[in-house]
Amino acid sequence: MPHTPSNSLLEPFRGSGFRYLWLAWLSGNMTMWMHEVTAAWRMTQLTESPVWVAWVQAAGTLPLFVLGLASGALADLLNRRRFLAVAQAWIAVVAAVLAVLAGSNALTPGTLLLLCLLNGIGLAFRFPVFSALVPDLVERRLLSSALTLNALAINLTRVLGPIVAGIVLAWQGSAMVFALNAVLSILAGVLIWRAPIPPHTPPTERTRLLQAMRDGVGHARASPILRAVLFRAFVFFAQAVALVALLPLVAKGLGANEATYTALLAAMGAGAVLAAMALPRLPAMAARNRIIDAGVWLHALATLGAVWAPNAWTLAPALALSGAVWLCVANTLTMSAQLVLPTKLRARGMAIYQMSIMGGSAGGAVLWGVVAEHTSVSSSLVVSAVFSVLLLLWTHGTSLEERTPH
């Protein structure tokens, strides 16, 4: 009997196309986390307003909500390799401008937010293409492992990004971090250009952009499972983002400096990395609903743990739990969306999925920032945790699993 290779987590790396894309994803996400850490900390130096600090998170995610569907439609209609390369070039230019302004002490809260918004536009054009390419580079049986590896890349960089950013911040300041981001963005673009990606054949007929967008929305409305994924993603991330958006103020309230703050973010990423290692051992697709439900409860506990932490080091375990839950929930939702999307609509479908996450994240960041402005940071986090449990009761009947007829 011939030997059948086991479906291990690392098996997708046997394909050179996936290896190149994964390395580009790793490099691109290093810039994302380093930008997020540096921009959020720089904003706390420019102003102590919770609304302004929370808007840094919102400015980075709002473009993915507003432009996500158009980006997905373009990715289905145009050459995906060139589209990715242009997106990386855009991110590199924004990082270079941030480096110049930070180096000349010309950054203001408004300018910083504007450039965070422009960086988010680059991310909005990048994400749907990456998501659409993965199923073309691996066999269907390896899709779960490939998605977990992509999530692992995000969370490895969530650990490494803050550490590198913290070291460079303490050594040379924020301008050097932004300059390093520009270099890493260019590196990601080179990897994308060299990757042996299967050629994407755009539609032979001249499909208009608006029609392509309508087709994507129509498919999402017609798929009960995709509708459930979008709904649960929006609701989960709208409340879970509170801890991430207000973390710079939580850390400052506990007396953290740049090094401690980046170590806390690294703890969140470390929790996600450990979860990525354990995720393939969880019960398979039949457990999707249970993973999401458990994630809501655990993230509420992590948020309350962050509120009650007496110092930065007792805050770290709560952040590690938050990172682990974030990865498990996001990976489960992503897998559910990928499996119900046809190839010709995949980029648009994943763009709509990303819009649900980023719409919830952007709206939640602003909401919890406003609540913190009018009450306190701790009160805002407690309310977000309580709301998450109440929202679970609202979404509990929304299933991510196909129901087999009796």
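Preceding block: the structure.
Residues numbered from 1 in each chain as written. Predicted model: local features only at pLDDT ≥ 70, side-chain atom pairs only at ≥ 80, totals over all residues. Heavy atoms only, no water.

Caption draft 1: View of the overall build of the chain. Scanning the chain from N- to C-terminus turns up 14 helices and zero strands. The order of α-helices and β-strands along the chain, N terminus first, is α-α-α-α-α-α-α-α-α-α-α-α-α-α. The 406 residues of the chain split such that 59% are buried. Contacts in the chain between residues at least 24 apart in sequence constitute 87% of all its contacts with a sequence separation of at least 6. With the model as given, the accessible surface of the chain reaches about 17100 Å², and the carbon-plus-sulfur share is 67%. (Helix = DSSP H or I, 4+ residues; strand = E, 2+ residues; numbered from the N terminus. Buried < 20%, exposed > 50% of the residue type's maximum accessible area, 1.4 Å probe, protein only. Contact = heavy atoms within 4.5 Å. Areas by Shrake-Rupley, 256 points an atom, 1.4 Å probe, with all protein chains shown as cover.)

Caption draft 2: Highlighting helix H2 (residues 50-66). For H2, with 17 residues, the first-to-last C-alpha span of 24 Å sits near the 24 Å given by 1.5 Å per residue. Along H2, the sharpest kink reaches roughly 30°, centred on Ala 58. Here H2 has its buried residues at Pro 50, Val 53, Ala 54, Val 56, Gln 57, Ala 58, Ala 59, Thr 61, Pro 63 and Leu 64. (Expected span 1.5 Å × (residues − 1). Bend = angle between axes of the 7 residues up to and from the residue.)

Caption draft 3: Geometry of the packing of aromatic side chains. This structure, assessed with the given rule, holds six aromatic pairs. Summarising the aromatic geometry, the rings of Phe 236 and Phe 237 are spaced 5.1 Å apart at their centres and angled 90° between planes, so their arrangement reads as edge-to-face. Since its relative accessible area comes to 1%, Phe 237 is described here as buried. Ring geometry for Trp 368 versus Phe 387: centroids 6.2 Å apart, planes at 80°, classification edge-to-face. In this pair, Trp 368 is assigned in helix H13 (residues 346-374) and Phe 387 in helix H14 (residues 377-395), connecting sequence segments 19 residues apart. An aromatic cluster of at least three residues, connected via ring pairs, comprises Phe 13, Phe 18 and Trp 22. (Phe/Tyr/Trp six-rings, centres within 6.5 Å; stacked < 30°, edge-to-face > 60°.)

Caption draft 4: Highlighting the packing of helix H9 (residues 224-253) against H14. Running from amino to carboxyl end, H9 crosses H14 at an angle of 165°, the nearest separation of the two axes being 10 Å. Here H9 lies roughly antiparallel to H14, going by the angle between them. By crossing handedness, the relation of H9 to H14 is classed as left-handed. When H9 is examined against H14, the residues Phe 231, Arg 232, Val 235, Gln 239, Ala 242, Leu 243, Leu 246, Leu 249 and Val 250 are found in contact with a partner set consisting of Val 377, Ser 380, Leu 381, Ser 384, Ser 388, Leu 391, Leu 392, Trp 394 and Thr 395. Among the residues forming the contact of H9 with H14, the class breakdown is twelve nonpolar, five polar and one charged. (Axes fitted to C-alpha atoms, helices over the stretch in contact; angles between N-to-C directions. Parallel < 35°, antiparallel > 145°, perpendicular 65-115°, else oblique. Left-handed = near helix turned anticlockwise from the far one by under 90°. Nonpolar A, V, L, I, M, F, W, Y, C, P; charged D, E, K, R; others polar.)

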